[in-house]
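Here is what each chain is made of, one letter per residue.
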Amino acid sequence: MSEPSVWQRALRLLARREHSRAELARKLAPHGTPEEIEETLARLERTGLLSDERCARAFVAARAERSGRRLLEMRLRERGLDDALIDEVLDALEAESSEVERASALWRKRFGTPPADAKEWARQARFLAGRGFSPSLVTRLLRDPPEDFTEPFPDTEH
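Owing to the predicted nature of the structure, the values given are computational and were not obtained by experimental measurement. (Residues numbered from 1 in each chain as written. Predicted model: local features only at pLDDT ≥ 70, side-chain atom pairs only at ≥ 80, totals over all residues. Heavy atoms only, no water.)

Observations concerning the pattern of salt bridges
Then, number 1: A full pass over the atoms with the stated rule returns 15 salt bridges.
Then, number 2: One salt bridge in this structure joins Arg-57 and Glu-88, with 3.1 Å as the shortest N-O distance. With Arg-57 in helix 4 (residues 52-63) and Glu-88 in helix 6 (residues 83-96), the pair connects residues that are 31 residues apart, well separated along the chain.
Then, number 3: Exposure remark for Arg-57: the relative accessible area of 33% places this residue in the partly exposed category.
Then, number 4: Within the structure, one salt-bridge network assembled from shared partners comprises Arg-17, Glu-23 and Arg-79. (Salt bridge = Lys/Arg side-chain N within 4 Å of Asp/Glu carboxyl O. Helix = DSSP H or I, 4+ residues; strand = E, 2+ residues; numbered from the N terminus. Buried < 20%, exposed > 50% of the residue type's maximum accessible area, 1.4 Å probe, protein only.)

See the structure below:
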């Protein structure tokens, strides 16, 4: 059985999930010449099968609920996306739901109660910071946690 062509490999990768142009080029590099890869990428873009914008929007949509802007920005850069596109996609996200709202919802889902002591405060702060929320937002959220706990969260057991 012969090796799959660069085109076939690209289609297989895109069938699994959206990829940025840079990601796809990196994954295809061991399997073809630079000319073959460039030709394949250009053809994919012409046919609408490859789109950096669609890749960025899909990535953000899948992770926005549990990630802050800083982490999303870093992960999009790792995928080789342009800074202007990253800003555009993240600004659109901010227009839908603010980072404060997303951080509050994540905090309520994960913890649900204000930290009782310094150790718990540090644990909650590390969790939120690790999800890419800014230190000032984390501090503000933990100092003045949301008080609307009328609806229990199914994932929170205390």
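Some details on the packing of helix 4 against helix 5 (residues 69-78)
Then, number 1: The N-to-C vectors of helix 4 and helix 5 enclose an angle of 145 degrees; their axes lie 11 Å apart at closest approach. The interaxial crossing formed by helix 4 with helix 5 has right-handed handedness. Taken together, the residues of helix 5 that come into contact with helix 4 (itself represented by Ala-56, Phe-59, Val-60 and Arg-63) are Leu-72, Arg-75 and Leu-76.
Then, number 2: Considering only residue class, the contact of helix 4 with helix 5 consists of five nonpolar, no polar and two charged. (Axes fitted to C-alpha atoms, helices over the stretch in contact; angles between N-to-C directions. Left-handed = near helix turned anticlockwise from the far one by under 90°. Contact = heavy atoms within 4.5 Å. Nonpolar A, V, L, I, M, F, W, Y, C, P; charged D, E, K, R; others polar.)

With respect to the side chain of Thr-40
Then, number 1: Positionally, Thr-40 belongs in helix 3 (residues 34-47).
Then, number 2: When sequence neighbours within four positions are dropped, the list of residues in contact with Thr-40 reads Val-6, Trp-7 and Ala-10.

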